2 protein chains.
Amino acid sequence: MERIYDIGQLFDLLGSEEIKSIKKVTLQGWVRTNRNSGNIGFIELNDGTSFKNAQLVYSSDVDCYELLSSLRSGCAITVTGELVLTPEMKQPFEIRVTDAILEGGANESYPLQKKYHSYEFLRDIAHLRVRTNTFNAVFRVRNVLTMALHEYFQDNGFMYVHTPIITTNDGEGAGNVFDVVTHDSDDENSFYGQRVNLTVTGQLHVEPFALAFKRVYTFAPAFRAEHSNTVRHSSEFWMIEPEMAFCDLNGNMDIIEGCIKHSIKTVLEKCGPEMEFFNTQVDKGLKDRLNNVLNSEFKKMTYTEAINLLQEAVKSGHKFDNSDIKWGMDLQSEHERYITEQIVGGPVFLIDYPKEIKAFYMKQNDDGKTVAACDLLVPGVGELVGGSQREDRLDVLEAKMKELNITNLDWYLDTRRYGGCYHSGFGLGFDRLLMYVTGMQNIRDVQPYPRTSNNIKY
Amino acid sequence: MERIYDIGQLFDLLGSEEIKSIKKVTLQGWVRTNRNSGNIGFIELNDGTSFKNAQLVYSSDVDCYELLSSLRSGCAITVTGELVLTPEMKQPFEIRVTDAILEGGANESYPLQKKYHSYEFLRDIAHLRVRTNTFNAVFRVRNVLTMALHEYFQDNGFMYVHTPIITTNDGEGAGNVFDVVTHDSDDENSFYGQRVNLTVTGQLHVEPFALAFKRVYTFAPAFRAEHSNTVRHSSEFWMIEPEMAFCDLNGNMDIIEGCIKHSIKTVLEKCGPEMEFFNTQVDKGLKDRLNNVLNSEFKKMTYTEAINLLQEAVKSGHKFDNSDIKWGMDLQSEHERYITEQIVGGPVFLIDYPKEIKAFYMKQNDDGKTVAACDLLVPGVGELVGGSQREDRLDVLEAKMKELNITNLDWYLDTRRYGGCYHSGFGLGFDRLLMYVTGMQNIRDVQPYPRTSNNIKY
């Protein structure tokens with residue numbers, strides 16, 4: 001057997017001197033397609049180290065011809081052959097196979113036969129759909145996007161913190177939590193001696209770390225037991241929650257803009273073939289939209305201005321599903337998209353929201369009516385990030401928590417009692433960012449094994 | 001206000017030309033200690049961007065003298081002053097303060113007054129202990145170790161996969177799982193329409209990704225509802241589970257050795273002051289032990305050989321708590337440590353364990369009695385990593401699962417039905433690796449908010 005190469009390695013070596021010196025290679029991967037015309041055959045082989053396939057050529061004068069010509073889609077093989085550069089052809093190189101081993105077969109019941117498969121069909125075989133072009137691209141970008149976010153925060157002096165998944169608080173008081181229990185005794189809460197649930201946010205737990213390490217972030221699963229059966233809701237998702245001490249709302253928005261731009265830029269640079277695929281096969285305007293974000297200075301607009309502009313739009317005849325625009329309302333996706341797409345024509349932060357529609361920990365502005373929140377709206381989606389400066393005044397925060405009947409967070413108040421300072425943070429839904437970056441329209445199609453209500457086969 | 005620097009930045013700039021050009025700086029952080037002798041005072045300021053403190057000097061001829069001299073441990077401040085390099089002193093620079101702002105006070109009830117605090121005491125204030133030297137160092141190393149592991153796998157062509165937390169299977173059939181329920185209807189399983197639990201391992205879910213992307217890894221929380229109240233058990237922990245297609249047991253051990261060495265090397269390189277602290281204050285032999293691992297070639301020994309050697313040790317008079325050494329037994333920590341510390345004197349892989357004491361998915365060896373498993377034992381701890389080649393023969397795996405009455409994993413068997421291949425993987429408990437690297441003796445002291453039974457304040 002010759003030296004084993006990843007197919008991705010060979011593509012990376014194209015144009016180098018090194019590849020010219022390679023005579024024979026061994027590849028290991030899965031047959032995507034196999035066609036032959038009597039005495040010559042062609043196999044598209046993918047080994048998952050590249051979005052692209054390697055082309056194998058085999059002729060009837062090799063011993064393994066019979067084996068190779070019998071291979072169906074899905075088979076795992078080890079092949080050895082001559083590497084031939086073919087710069088004038090559609091594929092830049094081919095492997096003229098001399099030896100082959102069948103590692104694992106796949107018969108006609110293999111669900112991924114060569115034909116069109118709907119996303120719905122593929123969702124039902126989440127363990128196999130990863131072998132298709134689309135999901136190869138999705139999960140490759142998922143990996144690059146994850147590391148791009150880590151890179152941004154690490155390079156900017158943020159420390160990664162693993163906040164807990166099992167917790168006693170429900171974060172924003174939203175209520176829709178999954179409880180965590182054991183069934184080894186009559187008392188389902190006996191393990192911890194109290195009722196516990198899956199976290200909805202790591203923010204409360206990460207704030208004390210910001211007040212010790214200055215800049216920190218979480219990147220972990222979060223959970224909502226919402227029966228929202230939409231394309232953007234999943235009961236289990238990954239979230240990034242940075243938190244910065246000595247940072248006000250403007251500093252917060254700088255970090256949001258920085259991390260969004262860095263992650264988009266990195267994916268465009270590192271995932272050329274994948275992004276080309278999404279741009280042509282999934283979402284025609286994708287690359288233009290992402291480049292527009294990259295090249296925009298993110299605008300800022302107060303919630304109050306936005307309400308005024310939406311009211312003007314209604315007066316001028318624009319119809320929303322909900323056209324009853326009033327100060328104090330929670331904006332719907334249609335309103336957010338109108339603002340970012342029609343009014344601004346690019347990314348925009350809405351700031352200073354009414355305090356009644358935002359979480360208890362957001363800093364109250366001097367007007368007594370609004371809080372120092374910032375939601376980032378982007379074309380094509382609406383809200384992508386939500387953040388705020390935090391209420392750092394102990395008395396104001398205590399009064400607010402009393403009003404909302406939030407108890408059992410005395411430890412959290414310590415962060416305002418002892419060495420508190422102005423600080424800010426935000427939450428970025430990772431799966432939604434991945435949808436935005438790939439143009440995929442359903443959150444179920446960007447998660448390895450999506451967890452939505454009534455759907456948990458694996 | 002002058003330009004704001006992180007204290008870590010200033011330490012990083014020491015020895016450069018740049019630092020000589022800096023005249024005045026603004027720092028923001030928390031007072032560790034404050035002492036003054038009438039007309040001159042010294043504050044140790046930490047801002048979490050460095051293990052080390054900056055020394056602030058203030059004299060009675062500045063306006064803010066009264067404020068500064070009143071500051072207690074824990075206060076958050078913004079200070080501006082002249083940066084003076086003091087290479088002949090214990091601290092390499094000091095800040096001669098001219099202006100100061102109190103951001104957040106801390107009175108005498110602040111729990112971290114300057115005195116000795118036991119780990120037990122500090123565990124009860126997990127949200128504040130991060131402001132102490134020890135936990136500053138622990139969580140700084142936790143961050144570096146996390147990224148070192150990501151770096152190793154990314155640089156070696158592995159793709160990061162987010163396997164699900166909520167699942168229907170209990171992985172290794174261990175049984176001690178947390179159930180996930182909702183309480184909004186009579187049926188606690190109504191959300192997903194079936195009983196679900198927190199994952200104990202991502203392995204089964206990541207294998208299908210290995211069989212599409214060749215090399216993948218998880219890095220995510222895992223859960224065990226075990227009432228083991230030991231210093232090494234936590235009900236919630238982070239685990240890394242790499243999985244490689246076309247990789248046998250030897251390839252698996254190469255990757256384990258590579259990732260352990262890379263992560264130790266990176267921590268020693270990047271966390272000099274922290275590791276010096278652990279080596280002097282926490283565990284005197286730490287750095288020698290880690291360097292020994294770095295410089296060792298990891299040995300290999302079969303389980304059967306190990307049993308023979310343990311039996312010989314007993315015959316020669318060595319006493320174990322359990323000295324009834326028999327082939328087929330599960331080795332205890334005392335046996336594992338004897339092998340790695342006394343017999344080998346360095347890291348060693350034990351391979352080819354009896355099939356009865358290992359998981360159903362491990363590949364059966366030709367002897368019919370053992371499986372192609374590998375546990376890495378290291379001095380000072382015992383088992384650090386467990387891995388195996390996977391059973392890729394559909395008929396053998398099906399028979400094994402039938403024998404153990406494992407059902408509802410038909411999707412998993414598809415990975416053997418369609419394009420299966422020889423493949424391997426392992427599990428590395430991240431928190432235990434962090435204990436090993438820092439010398440910290442209790443898992444509760446390396447996790448941000450440890451979750452052990454009957455202990456969940458936050």
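Structure first, text after, so check above.
Residues numbered from 1 in each chain as written. Chains lettered and ligands numbered in written order. Predicted model: local features only at pLDDT ≥ 70, side-chain atom pairs only at ≥ 80, totals over all residues. Heavy atoms only, no water.

**Digging into the overall build of chain A**
Inference 1: Along the backbone of chain A there are 14 helices and 16 strands.
Inference 2: Each of the 458 residues in chain A was classed as buried or not, and the buried ones make up 61%.
Inference 3: A separation threshold of at least 6 residues defines the contact pool for chain A, and within that pool the share at least 24 residues apart is 67%.
Inference 4: For chain A, the accessible surface area stands at approximately 17800 Å², while carbon and sulfur atoms represent 45% of it.
Inference 5: Positive and negative side-chain charges in chain A, numbering 48 and 64 respectively, have mean positions lying 4 Å apart. (Helix = DSSP H or I, 4+ residues; strand = E, 2+ residues; numbered from the N terminus. Buried < 20%, exposed > 50% of the residue type's maximum accessible area, 1.4 Å probe, protein only. Contact = heavy atoms within 4.5 Å. Areas by Shrake-Rupley, 256 points an atom, 1.4 Å probe, with all protein chains shown as cover. Lys, Arg positive; Asp, Glu negative; His and termini not counted. Charge placed at Lys NZ, Arg CZ, Asp CG, Glu CD.)

**Notes on the sheet that holds strand 3 (residues 54–59) of chain B**
All names here are of chain B.
Inference 1: The mixed closed barrel is built from 5 strands, whose spatial order is 1-2-3-5-4. Each strand axis lies, on average, 55 degrees off the axis of its neighbour in the sheet, ignoring direction.
Inference 2: Two strands pair when backbone bridges link them, and strand 3 and strand 5 (residues 93–104) are joined in this way by 3 bridges, in the parallel orientation. Its bridge partner being in strand 5, Gln-55 is matched across the sheet by Glu-94. (Pairing = 2+ DSSP bridges. Axes fitted to C-alpha atoms, helices over the stretch in contact; angles between N-to-C directions.)

**Some remarks on the relation of the copies chain A and chain B**
Inference 1: Mapping chain A onto chain B calls for a screw motion: a turn of 180 degrees about the axis and a shift of 0.0 Å along it, with 0.0 Å RMSD after fitting. One copy is carried onto the other by what is essentially a two-fold rotation axis. Closest to the rotation axis within chain A is the C-alpha of Val180(A), separated from it by 2.4 Å.
Inference 2: Of the residues that chain A buries at the interface, 100% are likewise interface residues in chain B, meaning the two copies contact each other through the same surface. (Least-squares fit on C-alpha atoms with pLDDT ≥ 70 in both.)

**With respect to the pattern of salt bridges**
Inference 1: On inspection of all chains with the given rule, the structure shows 50 salt bridges over all chains.
Inference 2: Across the pair Arg195(B) and Asp179(B) runs a salt bridge, and its minimum N-O distance is 3.0 Å. A residue pair is termed long-range when its members are at least 10 positions apart, and Arg195(B) in the loop between strand 8 (179–181) and strand 9 (196–198) and Asp179(B) in strand 8 qualify at 16 residues.
Inference 3: One network of salt bridges, with partners in common, ties together Asp6(A), Asp47(A), Lys214(B) and Arg215(B). (Salt bridge = Lys/Arg side-chain N within 4 Å of Asp/Glu carboxyl O.)

**A few points about unusual backbone geometry**
Inference 1: If you check the backbone angles, Asp352(A) has positive phi at about 60 degrees while not being a glycine.
Inference 2: Relative to the assigned elements, Asp352(A) resides in strand 13 (residues 348–354).
Inference 3: Non-glycine residue Asn405(B) carries a positive phi angle of around 60 degrees.
Inference 4: Counting through the fold element by element, Asn405(B) comes out in the loop between helix 12 (394–403) and helix 13 (410–417).
Inference 5: Given a relative accessible area of 64%, Asn405(B) falls into the exposed group.

**Some details on the environment of Arg393(A)**
Residue and element names in this part refer to chain A.
Inference 1: Counting through the fold element by element, Arg-393 comes out in the loop between strand 15 (382–389) and helix 12 (394–403).
Inference 2: Of the residues examined, Arg-393 reaches a relative accessible area of 31% and is grouped as partly exposed.
Inference 3: Between the C-alpha atoms of Arg-393 and Met-440, which are 47 residues apart in sequence, the distance is 42 Å.
Inference 4: Sequence-distant contacts of Arg-393, defined by excluding residues within four places in its chain, comprise Lys-363 and Gln-364.
Inference 5: Looking at Arg-393, its side chain comes within polar contact range of the main-chain oxygen of Gln-364, at 3.0 Å. (Polar contact = N/O pair within 3.5 Å; in protein donor to acceptor, adjacent residues only side chain to side chain.)

**Comments concerning the nonpolar core**
Inference 1: Residues Leu27(A), Ile260(A), Leu27(B) and Ile260(B) are the most contacted members of the largest nonpolar core, which totals 269 residues.
Inference 2: Not counting residues within four places of it along the chain, the set of residues in contact with Ile260(A) comprises Val293(A), Phe298(A), Leu376(A), Leu384(A), Val385(A), Leu428(A) and Leu433(A).
Inference 3: Within the second largest apolar cluster, 22 residues are counted, among which are Ile165(A), Tyr192(A), Ile456(A) and Val180(B). (Core = buried A, V, L, I, M, F, W, Y, C linked by side-chain atoms within 4.5 Å.)

**Let's talk about the packing of aromatic side chains**
Inference 1: This model, assessed by the stated rule, comprises 58 aromatic pairs over all chains.
Inference 2: Centroid distance Phe209(A) to Phe139(B): 5.2 Å. Interplanar angle 75 degrees. Geometry classified as edge-to-face. Here Phe209(A), found in helix 6 (residues 203–213), pairs with Phe139(B), found in helix 5 (residues 133–155), and the two come from separate chains.
Inference 3: The exposure class of Phe209(A) is buried, given its relative accessible area of 0%. (Phe/Tyr/Trp six-rings, centres within 6.5 Å; stacked < 30°, edge-to-face > 60°.)

**Some words on the side chain of Gln447(B)**
Residues and elements named next belong to chain B.
Inference 1: With respect to the secondary-structure elements, Gln-447 resides in the segment after helix 14 (430–438).
Inference 2: At a separation of 3.2 Å, a polar atom in the side chain of Gln-447 contacts the side chain of Asp-431.
Inference 3: Once you skip the residues sitting within four places of it in the chain, Gln-447 turns out to touch Arg-129, Phe-139, Arg-142, Ser-234, Glu-236, Phe-237 and Asp-431.

**Structural notes on the interface of chain A and chain B**
Inference 1: Taken together, the contact between chain A and chain B spans 107 residues of the former and 107 residues of the latter.
Inference 2: Between chain A and chain B, a total of about 8500 Å² is buried, with carbon and sulfur atoms accounting for 61% of that surface.
Inference 3: Between the two partners, chain A and chain B, sit 6 salt bridges.
Inference 4: Between Lys214(A) and Asp47(B) there is a salt bridge, and its shortest N-O distance comes to 3.7 Å.
Inference 5: Where chain A meets chain B, there are 47 residue pairs in polar contact (both at pLDDT 80 or more). (Buried area = accessible area lost by both parts, 1.4 Å probe.)

**A closer look at the sheet that holds strand 13 of chain A**
All names here are of chain A.
Inference 1: Ordered by their spatial adjacency, 8 strands build an open sheet running 6-10-11-16-15-14-13-12, and the pairing between neighbours is mixed. Across the chains shown, the open sheet's two edge strands, defined by having one partner strand only, are strand 6 (159–160) and strand 12 (299–302).
Inference 2: Bridging between strand 11 (residues 236–245) and strand 16 (residues 423–429) involves 5 bridges; their strand directions are antiparallel. Pairing of Ala-245 across the sheet is with His-423, part of strand 16.
Inference 3: Along the sheet face, helix 6 touches strand 6, strand 10 (215–223), strand 11 and strand 16 and points at about 30 degrees away from the line of strand 11.
Inference 4: Here helix 7 (residues 249–270) sits on the sheet and contacts strand 11, strand 12, strand 13, strand 14 (370–378), strand 15 and strand 16; the angle it forms with strand 16, its principal contact strand, is near 30 degrees.

**Digging into the pairing of strand 4 (residues 76–85) of chain A**
Residue and element names in this part refer to chain A.
Inference 1: Taking burial as the measure, the 10 residues of strand 4 include 8 buried ones, the bulk of the element.
Inference 2: Across 7 bridges, strand 1 (residues 24–36) lies against strand 4 in antiparallel orientation. From the neighbouring strand, Thr-26 faces strand 4, where its bridge partner is Thr-80.
Inference 3: The sheet contact formed by strand 4 and strand 5 (residues 93–104) spans 10 bridges and is antiparallel. Note that in strand 5 the partner of Val-79 across the bridge is Ala-100.

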